[in-house]
Amino acid sequence: CGHLTEAERLFSKLKRMDIITYGVMMNGYNLHHQPLKCIGLLKQMQQEKIELNEHFATLLVKACAQIGLIVTCQRILKEIPPNFYNNPRIASGLIDMWVSSF
């Protein structure tokens, strides 16, 4: 509902995160123009062995488009399996990301 601080507080109190809670927080960070926080959740997901899927890849690409830093974009792209690039949302997000980087 637009209360990112409250969402972060609730998220931090969760004893067990899952794919849905991570997706909601990542999307919230993107909506509130905090892409670095979105990307930061990727490390947490990896530590908890939550596998990257096409939905998360789309959120990460959107975060990269907001950042516009080529080095960060390239680092994130290494995390996305190449077969995800066939997804139209990811492909269009990648175009947006590369345009924003220049």
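Numbering of residues starts from 1 in every chain and runs along the sequence as written. Confidence filtering applies because this is a predicted model: local features only for residues at pLDDT of at least 70, side-chain atom pairs given and counted only at 80 or more, and all residues used for totals across whole chains, interfaces and linings. As a convention, hydrogens and water are excluded, and side-chain values are obtained from all of the structure's heavy atoms.

Regarding helix α5 (residues 70-77)
When we look at burial in α5, the residues that qualify are Thr72, Cys73, Ile76 and Leu77. Mapping the buried residues of α5 onto a view down its axis gives an arc of 135°, with all of them on the same face. We call two residues contacting when some pair of their heavy atoms lies within 4.5 Å. By definition, any uninterrupted DSSP run of H or I lasting at least four residues is a helix, any uninterrupted run of E lasting at least two residues is a strand, and each is numbered from the N terminus. Looking at the packing, one finds that the buried side of α5 touches α3 (35-47), α4 (54-67) and α6 (88-100). Partly exposed describes any residue whose relative accessible area lies between the buried limit of under 20% and the exposed limit of over 50%, with all areas from a 1.4 Å probe on protein chains only and scaled to the type maximum. Arc, as used here, means the arc of the directions from the helix axis to the C-beta atoms.

Describing the side chain of Asn30
Within the secondary structure, Asn30 sits in helix α2 (residues 19-31). With residues near it in sequence (within four places) discarded, Asn30 still touches Pro35, Cys38, Leu59, Lys62, Ala63 and Gln66.

Thoughts on a nonpolar patch on the surface
Where nonpolar side chains cluster on the molecular surface, the patch consists of Ile19, Ile20 and Val24 and spans about 280 Å² of accessible area. The topology assignment puts Ile19 in helix α2. Accessibility expressed as a relative area gives 38% for Ile19, which makes it partly exposed. Each patch is built from residues lacking any salt bridge and having more than 30% relative accessible area; the joining distance is 9 Å for like charges and 5 Å for nonpolar side chains (Val, Leu, Ile, Met, Phe, Trp, Tyr). The Shrake-Rupley method, run with a 1.4 Å probe, gives the accessible areas here. Residue values count only the displayed protein chains as cover. Any carboxyl oxygen of Asp or Glu that lies within 4 Å of a side-chain nitrogen of Lys or Arg is treated as forming a salt bridge with it.

Considering the nonpolar core
Residues Tyr22, Met26, Ile80 and Met97 are the most contacted members of the largest nonpolar core, which totals 31 residues. If you list the elements that add at least two residues to this core, you get α1 (4-13), α2, α3, α4, α5 and α6. Tallying contributions element by element places α4 first for this core, with nine residues. Sequence-distant contacts of Met26, that is, excluding residues within four places in its chain, are made with Cys38, Leu41, Met45, Phe56, Leu59 and Leu60. Only buried residues count toward a nonpolar core. Its members are Ala, Val, Leu, Ile, Met, Phe, Trp, Tyr and Cys residues joined through side-chain atoms within 4.5 Å.

Side note on the side chain of Asn87
Relative to the assigned elements, Asn87 resides in the loop between α5 and α6. Within the local environment of Asn87, its side chain forms a polar contact with the side chain of Glu54, the two groups lying 2.7 Å apart. Nitrogen and oxygen atoms within 3.5 Å of one another constitute a polar contact, given that in protein one can donate a hydrogen and the other can accept it, and given that sequence-neighbouring residues count only through two side-chain atoms.

A few points about the packing of α2 against α3
In this description, a line fitted to the C-alpha atoms serves as the axis of each element, helices being fitted only across the stretch in contact, and the angle between N-to-C directions of two axes falls anywhere from 0 to 180 degrees. With their axes 7 Å apart at the nearest point, α2 and α3 run at an angle of 160° to one another. Between α2 and α3, the crossing angle belongs to the class labelled roughly antiparallel. Considering how the two elements wind past one another, α2 and α3 form a crossing that is left-handed. Each of Tyr22, Met25, Met26, Tyr29 and Asn30 in α2 lies in contact with α3, whose residues at this interface are Pro35, Lys37, Cys38, Leu41, Gln44 and Met45. All amino acids are sorted into three groups, where Ala, Val, Leu, Ile, Met, Phe, Trp, Tyr, Cys and Pro are nonpolar, Asp, Glu, Lys and Arg are charged, and the leftover types, Gly among them, are polar. Each residue belonging to the contact of α2 with α3 can be placed in one class, and the counts come to eight nonpolar, two polar and one charged. By definition in this entry, angles of less than 35 degrees are roughly parallel, angles greater than 145 are roughly antiparallel, angles of 65 to 115 are roughly perpendicular, and the rest are oblique. A clockwise turn of the near helix away from the far one marks a right-handed crossing, whereas an anticlockwise turn of less than a right angle marks a left-handed crossing.

Thoughts on the environment of Val24
Its place among the elements puts Val24 in helix α2. For the pair Val24 and Ala7, spaced 17 residues apart in sequence, the C-alpha separation works out to 9.3 Å.

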